[in-house]
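# What the coordinates show
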Amino acid sequence: MTGPAPSTGTVPAGPMLSMYDPIHVGSDEFGQPFYIRLIYKNLLAAGEPGGGKSGLLNTLAAHAALSTGSRNVLFDAKQVELGMWDDIADEFVGPDLGRAIITLLRLQKVMDNRYAWLRAHRRRKIEPGDGISVITSIFDEIAVYATVLGTEQEQRQFVALLRDLVARGRAAAMPVIAATQRPSIDIIPKSLRDLFGYRAAFRCTSDGSSDIILGDGWSGKGHTATAIPPTNQGLCYLIAEGGTPRLVKVAYLTDDDITGLAHYAATLRRTAA
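Scoring rules and cut-offs
Residues numbered from 1 in each chain as written. Predicted model: local features only at pLDDT ≥ 70, side-chain atom pairs only at ≥ 80, totals over all residues. Heavy atoms only, no water. Helix = DSSP H or I, 4+ residues; strand = E, 2+ residues; numbered from the N terminus. Rg over C-alpha atoms; globule rule 2.2 N^0.38 Å. Buried < 20%, exposed > 50% of the residue type's maximum accessible area, 1.4 Å probe, protein only. Contact = heavy atoms within 4.5 Å. Areas by Shrake-Rupley, 256 points an atom, 1.4 Å probe, with all protein chains shown as cover. Lys, Arg positive; Asp, Glu negative; His and termini not counted. Charge placed at Lys NZ, Arg CZ, Asp CG, Glu CD. Pairing = 2+ DSSP bridges. Salt bridge = Lys/Arg side-chain N within 4 Å of Asp/Glu carboxyl O. Core = buried A, V, L, I, M, F, W, Y, C linked by side-chain atoms within 4.5 Å. Polar contact = N/O pair within 3.5 Å; in protein donor to acceptor, adjacent residues only side chain to side chain. 1 Å grid on protein atoms, 1.4 Å probe; cavity = no way out; pocket = protein on both sides within 12 Å on 5 of 7 lines; lining within 4 Å. Points joined across faces, edges and corners; volume = space filled by probe spheres on them. Nonpolar A, V, L, I, M, F, W, Y, C, P; charged D, E, K, R; others polar. Axes fitted to C-alpha atoms, helices over the stretch in contact; angles between N-to-C directions.

## Describing the overall build of the chain
- Helices and strands together make up the secondary structure of the chain, namely seven helices and ten strands.
- Its C-alpha atoms give the chain a radius of gyration of 19 Å, within 12% of the compact-globule value 19 Å for 273 residues.
- When its C-alpha atoms are laid out on the principal axes, the chain stretches across 65 × 45 × 35 Å.
- Each of the 273 residues in the chain was classed as buried or not, and the buried ones make up 49%.
- Looking at the chain alone, contacts between residues at least 24 apart form 66% of all its contacts between residues at least 6 apart.
- A total accessible area of about 13100 Å² is found for the chain, and carbon and sulfur atoms account for 53% of it.
- Where the 28 positive side-chain charges of the chain centre and where its 28 negative ones centre are 8 Å apart.

See the structure below:
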C-alpha cells in the first residue's frame, strides 16, 4: 500500500497555542492533567514564601509567551521571578512604583479604547476572530507595590488602577495574573479578591489567610491551605468562581526550561515581526 510522497519542504516553526485555549497548569489529586481557561477571567495566587507561586506564574507566563496574538506586561518588584521573560514583554516593571503607575495608566487607556471599539461594533467582548491581541498583565508580589514602595498616595493610586484593570479588563481581552506572599485584608480586600475568577491558595500559616484567598468559610468545610505540607511545594487549593476548591500540583519549570522557552518565544516574535 502506497501513500503520498513525503513533502520535501519545511514547516516553519510557530506557536501552536492561544490565550483562548485551556491552559495546562499541572495535575489534580488523581494525577490527571488540570487546565484552566484564563481568557475573560483573572487569577490570584497567594501563600507563604516558597509555596510554589512562582511556578504557577511562570507556567502561565510560558503559555502567554508562546501564544499567537499575545502580549505580556510584567510587574516584578524582585525582578528575578519574571525577569527571564523580559525580552518578550511589552513592558517589564521592577521595583519602581512610579513606572508601575504609568504602565497601569497606559493599560487603562488601551482598555478604554477597546471598549469604545466594542461599543461602536455593538459587541460586549473581544473574541478570537477580531484579530486583537490578548494583553496579559502578570504581577509578582503586589504587596510591595501596594504597601512598601512610594508614598501612601501612590500606593492608593496603584491599588485603584489595579482594581480597575481586574474589574474591566476581562471583556477587553486583558486578563490579570497576580501573586502575593501576604494574604491579608489590607493587601487583598474582599472586594478585590472576588473579582478574580480563579484563586490559588498555596500553603498558609492560618485558616484566616487561606479563607482570604479562597473565600469565607472554606476552611470550616475542610478546604484549608494550612493542611498543605511545607515540603510539598507547588501544591495548592485552586478554586474557580462558583466551584469548590480542588487540590492541584502546579507544573514546575526549571531556570533552564524558562530560559529556553523565553529564547524560543523571542525568536518566534522576531520572525513574525
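Following the structure, the description resumes.
## Some details on the pairing of strand β6 (residues 134–140)
- The buried fraction of β6 is high, at seven of seven residues.
- The two faces of β6 match: V134, T136, I138 and D140 on one face and I135, S137 and F139 on the other face are all buried.
- Where strand β4 (residues 70–76) and β6 come together, seven bridges link them in parallel fashion. Note that in β6 the partner of F75 across the bridge is F139.
- The sheet contact formed by β6 and strand β7 (residues 176–180) spans four bridges and is parallel. Looking across to β7, one finds that S137 is bridged to V176.

## A short note on the side chain of E141
- If you trace the backbone, E141 turns up in the loop between β6 and α3 (142–148).
- Although E141 lies buried, it forms no salt bridge, and the closest oppositely charged side chain, K53, sits 5.9 Å away as judged by the N-O distance.
- Those residues in contact with E141 that sit more than four places away from it in its chain are A179, T180 and Q181.

## Some details on the nonpolar core
- In terms of nonpolar packing, the biggest core is built from 43 residues, with V25, I36, L43, L56, L60, W85 and L238 touching the most fellow members.
- The dominant element in this core, judged by the number of residues it contributes, is helix α1 (residues 53–65), at seven residues.
- If near-sequence neighbours (up to four positions away) are discounted, L43 is found in contact with I36, L38, L56, L60, V176, I177, A178, F196 and Y198.
- A172, I212, L214 and A225 belong to the second-largest nonpolar core, a separate cluster that totals 41 residues.

## Examining the pattern of salt bridges
- One pass over the structure, following the stated rule, counts eleven salt bridges.
- Of the charged contacts in the structure, one is a salt bridge between R203 and E48, with a shortest N-O distance of 3.4 Å. Here R203, found in the loop between β8 (198–201) and α6 (207–214), pairs with E48, found in the loop between β3 (43–46) and α1; they are 155 residues apart in sequence, far enough to count as distant.
- For E152, the salt bridge goes to R156, with nearest N and O atoms at 3.2 Å. Taken together, the positions of E152 and R156, both in helix α4 (residues 152–168) and four residues apart, correspond to about one turn of that helix.
- Residue E152 is classed as exposed on the basis of its relative accessible area of 57%.

## So, the environment of T226
- Here T226 is to be found in the loop between α6 and β9 (235–240).
- Along the chain, T226 and I212 lie 14 residues apart, while their C-alpha atoms are 13 Å from each other.
- Those residues in contact with T226 that lie beyond four places of it in its chain are R203, C204, T205, S206 and D207.
- Here the side chain of T226 touches T224 through a polar contact of 2.9 Å, side chain to side chain.

## As for the layout of surface pockets
- Looking at the largest pocket, its volume works out to about 160 Å³.
- In this structure, the largest pocket is lined by P49, G50, G51, G52, K53, S54, K78, E81, D140, E141 and Q181.
- Each residue belonging to the lining of the largest pocket can be placed in one class, and the counts come to one nonpolar, five polar and five charged.

## Quick word on the side chain of S219
- Relative to the helices and strands, S219 resides in the loop between α6 and β9.
- Of note is the side chain of S219, whose polar atom sits 2.8 Å from the side chain of D211.

## Things to note about the sheet that holds strand β5 (residues 89–93)
- Taking strand neighbours across the sheet as the criterion, the ten strands line up as β2-β1-β10-β9-β8-β3-β7-β6-β4-β5 in an open arrangement whose pairing is mixed. Sheet topology places β2 (33–36) and β5 at the edges, where each strand pairs with a single neighbour. Within this sheet the neighbouring strands show an average axis-to-axis angle of 25°, counted without direction.
- Alignment of strand β1 (residues 23–28) against strand β10 (residues 246–250), held across three bridges, turns out to be antiparallel. Note on β10: the bridge partner recorded for D28 is V248.
- Sheet contacts for α4: β6 and β7; angle to β6, the most-contacted strand, approximately 140°.

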